[in-house]
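Fold and geometry: a report
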Amino acid sequence: MSFVGPPPPEKMMFQLNLRRRGISDQAVLRAMDDVPRDLFVAPPHRDEAWRDTALPIECGQTISQPFVVAYMTEQLQLQRDHRVLEIGTGSGYQAAVLSRLCRQVLTLERFKTLADTARARLERLECHNVEVRVGDGFDVPKEAGLFDRILVTAAMEQVPEPLLARLDLDGILLAPVGPQSGAQNLVKFRKSKGGMERKELVAVRFVPALPGIAREL
Ligand code: SAH
């Protein structure tokens, strides 16, 4: 993205707020600066797009709070050659941020409406390394292969074993874990030769991960 003239004040505040809250990875800050969040929300919420809050999107879901997007992206410690799986495409915003920092993103969404809308936005932004698929994060096909990083953006009561199995050696999986209407923690799993390491990071609040493809659109 290039600006004509100085960036609007709300965009400057957006960046300042991320730094103030502790995001220090320059590549992550640049990616957050690069992706126009206002394109990922519907017109009634466009004016609020640069505020550090989650906002409603179609199908009763939410686009995550920018700080949380930046924090999770930083915690993934992405490298250019990484292949990343996201569970919960939602608006497509997080996928767009990821796409700036790795080789390939596969993102799964259980609502067809959300998947279609996100795909159109990502095409418009020329995020050619993102594939949006209608799919269920509780049932990722083995044929999808292994991933260097997996990011779950909907709360799971437990991370299912088959999803952890999609993680390559030295891989990191991040997921909000906890009950649908209660305290959730962002949990970081790291797979090594010695086994799986599990670390709780911070308290978070996400919409629940639900099994299966949504029957409504
Ligand atoms: N990452 C999104 C925000 C995610 S909101 C963004 O940047 O906008 C969580 C999303 O996860 C919702 O869209 C919800 O429909 C989806 N979801 C919930 N359970 C799922 C599942 N089992 N498989 C795939 N997507 C799921």
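The protein chain is annotated in an unreviewed UniProt entry as Protein-L-isoaspartate O-methyltransferase of Rhodopseudomonas faecalis. Under the Sequence similarities (unreviewed entry) heading, UniProt states for the protein chain: "Belongs to the methyltransferase superfamily. L-isoaspartyl/D-aspartyl protein methyltransferase family." UniProt, in the comment section headed Subcellular location (unreviewed entry), describes the protein chain in these words: "Cytoplasm".

1. Some remarks on the packing of aromatic side chains
Taken as a whole, this structure holds three aromatic pairs when the rule is applied. Centroid distance Phe-14 to Trp-50: 5.0 Å. Interplanar angle 90°. Geometry classified as edge-to-face. With Phe-14 in helix H1 (residues 9-20) and Trp-50 in the loop between helix H2 (26-34) and strand S1 (55-56), this residue pair connects regions lying 36 residues apart in the sequence. Here Phe-14 matches Trp-50 in class, with each residue buried. Taking the ring centre of Phe-67 as reference, the NZ or CZ of Arg-21 above it sits at 4.0 Å. Between the NZ or CZ atom of Arg-37 and the centre of the ring of Tyr-93, over which it lies, the distance is 5.8 Å.

2. Topic: the environment of Pro-43
Looking at the secondary structure, you find Pro-43 in the loop between H2 and S1. Assessed through its relative accessible area of 58%, Pro-43 is described here as exposed. In the structure, Pro-43 is positioned 168 residues away from Pro-211 in sequence and 30 Å away in space, judged by C-alpha atoms.

3. What about the sheet that holds strand S6 (residues 147-152)?
Reading across from one edge, S5-S4-S3-S6-S7-S8-S9 is the order of the seven strands in this open sheet, with mixed pairing throughout. What marks the edges here is a single partner per strand, and that holds for strand S5 (130-134) and strand S9 (195-204). Here the average twist between neighbouring strands, direction ignored, is 15°. One ladder, built from four bridges, connects S6 with strand S7 (residues 167-177); its direction is parallel. Looking at the pairing, Leu-151 lines up with Leu-174 of S7. Strands in contact with helix H5 (residues 112-124) are strand S4 (104-109) and S5; relative to S5, the strand with the most contacts, it is inclined by about 165°.

4. A word on the site of the ligand
As a structural note, the neighbourhood of the ligand is formed by 28 residues, with Ser-91, Glu-109, Asp-136, Gly-137 and Leu-210 the closest of them. Residue Gln-94 places a main-chain N or O atom 3.0 Å away from an oxygen atom belonging to the ligand. A distance of 2.7 Å separates an oxygen atom of the ligand from a polar atom in the side chain of Glu-109. Burial of the ligand by the protein chains amounts to 99% of its free accessible area of 590 Å². Listed by contribution, the elements that provide at least two residues to the shell around the ligand are strand S2 (62-63), strand S3 (83-87), helix H4 (93-99) and S4. Class assignment for the residues of the shell around the ligand results in 12 nonpolar, 12 polar and four charged.

Conventions used here
Residues numbered from 1 in each chain as written. Predicted model: local features only at pLDDT ≥ 70, side-chain atom pairs only at ≥ 80, totals over all residues. Heavy atoms only, no water. UniProt positions renumbered as here; feature names shortened; annotations may be inferred. Phe/Tyr/Trp six-rings, centres within 6.5 Å; stacked < 30°, edge-to-face > 60°. Helix = DSSP H or I, 4+ residues; strand = E, 2+ residues; numbered from the N terminus. Buried < 20%, exposed > 50% of the residue type's maximum accessible area, 1.4 Å probe, protein only. Lys NZ or Arg CZ within 6 Å of the ring centre and 35° of its normal. Pairing = 2+ DSSP bridges. Axes fitted to C-alpha atoms, helices over the stretch in contact; angles between N-to-C directions. Contact = heavy atoms within 4.5 Å. Near = heavy atom within 4 Å. Polar contact = N/O pair within 3.5 Å; in protein donor to acceptor, adjacent residues only side chain to side chain. Areas by Shrake-Rupley, 256 points an atom, 1.4 Å probe, with all protein chains shown as cover. Nonpolar A, V, L, I, M, F, W, Y, C, P; charged D, E, K, R; others polar.

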